[in-house]
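# Observations on the three-dimensional arrangement
The lines below spell out each chain.
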Amino acid sequence: SSLSEEMSRQHIMQIHRGNQVEFKVHLPHAGSFVLKFFTKKKSDPGSYSFIFNYLITCLNTEVKWPAFPLRYSKWAEGYELLEPLSRLLPANRNVQFKLKMQGISKVLVQAGDTYTLTLSRDGFWEGTCNTAGCTELFVMVHENANHSYYSHILKYDVETQ
């Protein structure tokens, strides 16, 4: 199956850990897909070189994995989303959030109300928010304690009732 670049961004998430990269893939539907890898050094000018590819086949026609949340430009290379991974959240429910981000002073989830995530001892921003009364939900970060503004980094949709 051929996916547009936009559709690929919605269904593939990269996680950078030092000099390793992990890919999480949610196939949008059953079928055969080719995951292609290209590379170049950051310091090298020009285009990327093809390295290798993987064939991913899903025969189960019942499978419809959801897209990942929309990631805004302030979503940094070293950030990691552990939950929720689906862009579409259930209505009128408590939803657990867990993210790993360095250099952030505060994290908010804005739904019908605003919820503050707390930083755990093991370095995860965690908390729960309720999706009642909202159609969209945003995760925002306060990067610098000396500034008063928050940057949107993730957007979720909430199911209609």
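Presented here is an overview of the structure given in this document.

Reading the values: rules and limits
Residues numbered from 1 in each chain as written. Predicted model: local features only at pLDDT ≥ 70, side-chain atom pairs only at ≥ 80, totals over all residues. Heavy atoms only, no water. Helix = DSSP H or I, 4+ residues; strand = E, 2+ residues; numbered from the N terminus. Buried < 20%, exposed > 50% of the residue type's maximum accessible area, 1.4 Å probe, protein only. Contact = heavy atoms within 4.5 Å. Areas by Shrake-Rupley, 256 points an atom, 1.4 Å probe, with all protein chains shown as cover. Lys, Arg positive; Asp, Glu negative; His and termini not counted. Charge placed at Lys NZ, Arg CZ, Asp CG, Glu CD. Phe/Tyr/Trp six-rings, centres within 6.5 Å; stacked < 30°, edge-to-face > 60°.

### Overview of the overall build of the protein
In terms of helices and strands, the protein carries one helix and 13 strands. Reading the secondary structure of the protein in the N-to-C direction produces α-β-β-β-β-β-β-β-β-β-β-β-β-β. The buried share among the 161 residues of the protein stands at 34%. For the protein, contacts bridging at least 24 residues in sequence account for 52% of all contacts bridging at least 6. Accessible surface for the protein amounts to roughly 10100 Å². Of this, 49% is attributable to carbon and sulfur atoms. Mean positive and mean negative side-chain charge positions of the protein (17 and 15 charges, respectively) differ by 4 Å.

### Some words on the side chain of T131
The topology assignment puts T131 in the loop between β11 (124-130) and β12 (136-142). For T131, a relative accessible area of 0% translates into the label buried. Among all residues touching T131, those that are not within four sequence positions of it are L89, P90, A91, N92, R93, V95, L137 and V158.

### Digging into the packing of aromatic side chains
The full count for this structure, using the stated rule, is seven aromatic pairs. With centroids separated by 5.4 Å and ring planes inclined at 90°, the aromatic side chains of W75 and Y79 adopt a geometry described as edge-to-face. The exposure classification of W75 matches that of Y79, with both residues buried. Every member of this aromatic cluster is reached through a ring pair, and the members are F23, F37, F52 and Y54.

### Here's the deal with the environment of H142
Mapped onto the fold, H142 is located in strand β12. H142 sits 10 residues away from H152 along the chain, and the two C-alpha atoms are 9.3 Å apart. Dropping the residues within four chain positions of it, H142 is found in contact with I104, S105, K106, H147, S148, Y149 and Y150.

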